[in-house]
Amino acid sequence: QVQLVESGGGLVQAGGSLRLSCAASGSIFGINRMGWYRQAPGKQRELVATITSGGRTNYADFVKGRFIISRNNAENTVYLQMNSLEPDDTAVYYCNLYRQISDANYWGKGTLVTVSS
């Protein structure tokens, strides 16, 4: 099993910054991809950014140039630096780990990010 624990959410004014962290523990082995998804009220969960264990990144178009994803493989932690936040970024942000060897996805419980105008 894999456990994911997010932290770093909160309330911020438009134009501000937040840094999310996600610590993974448990049966983490093999090639995996970690990332962040978000779900706003009344909307479907959507991809924000992912990063492979080799460091390859992928971003949703709406965050390019504003958010940066990074990871520390030694500590099994992934980060999301969010800059120039907008009210539309308000959502619950979920950490995700995809483990290739078992084709399995794991999710954290989510952390709320609220951006006020």
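This section reports on the structure supplied with the text. (Residues numbered from 1 in each chain as written. Predicted model: local features only at pLDDT ≥ 70, side-chain atom pairs only at ≥ 80, totals over all residues. Heavy atoms only, no water.)

## Comments concerning the overall build of the protein
The helix and strand inventory of the protein stands at zero helices and eleven strands. Mapped in sequence order, the helices and strands of the protein form the string β-β-β-β-β-β-β-β-β-β-β. Here the protein holds 117 residues, and the buried ones make up 43% of them. The contacts in the protein between residues at least 6 apart in sequence include a share of 53% that link residues at least 24 apart. Counting every atom, the protein has about 6,200 Å² of accessible surface; 47% of that belongs to carbon and sulfur. Computed over 11 positive and 8 negative side-chain charges, the separation of the two mean positions in the protein equals 5 Å. (Helix = DSSP H or I, 4+ residues; strand = E, 2+ residues; numbered from the N terminus. Buried < 20%, exposed > 50% of the residue type's maximum accessible area, 1.4 Å probe, protein only. Contact = heavy atoms within 4.5 Å. Areas by Shrake-Rupley, 256 points an atom, 1.4 Å probe, with all protein chains shown as cover. Lys, Arg positive; Asp, Glu negative; His and termini not counted. Charge placed at Lys NZ, Arg CZ, Asp CG, Glu CD.)

## Here's the deal with the nonpolar core
Counting residues in hydrophobic clusters, the biggest one holds 30 residues, and the most contacted among them are Leu 4, Trp 36, Leu 80, Met 82 and Tyr 93. Once residues lying within four places of it in the same chain are set aside, the contact partners of Tyr 93 are Glu 6, Leu 20, Trp 36, Tyr 37, Arg 38, Val 48, Phe 67, Leu 80, Met 82, Gly 110, Thr 111 and Val 113. (Core = buried A, V, L, I, M, F, W, Y, C linked by side-chain atoms within 4.5 Å.)

## A look at the packing of aromatic side chains
Throughout the structure, instances matching the rule amount to one aromatic pair. The interplanar angle of 70° and the centroid separation of 5.1 Å between the aromatic rings of Tyr 37 and Trp 107 together place this pair among those described as edge-to-face. Remark: Trp 107 occurs in strand E10 (residues 104–107) and Tyr 37 occurs in strand E4 (residues 32–39); sequence separation between them is 70 residues. A relative accessible area of 37% means that Trp 107 is categorised as partly exposed. One residue, Arg 19, lies across the ring of Tyr 79, its end atom 4.1 Å from the ring centre. (Phe/Tyr/Trp six-rings, centres within 6.5 Å; stacked < 30°, edge-to-face > 60°. Lys NZ or Arg CZ within 6 Å of the ring centre and 35° of its normal.)

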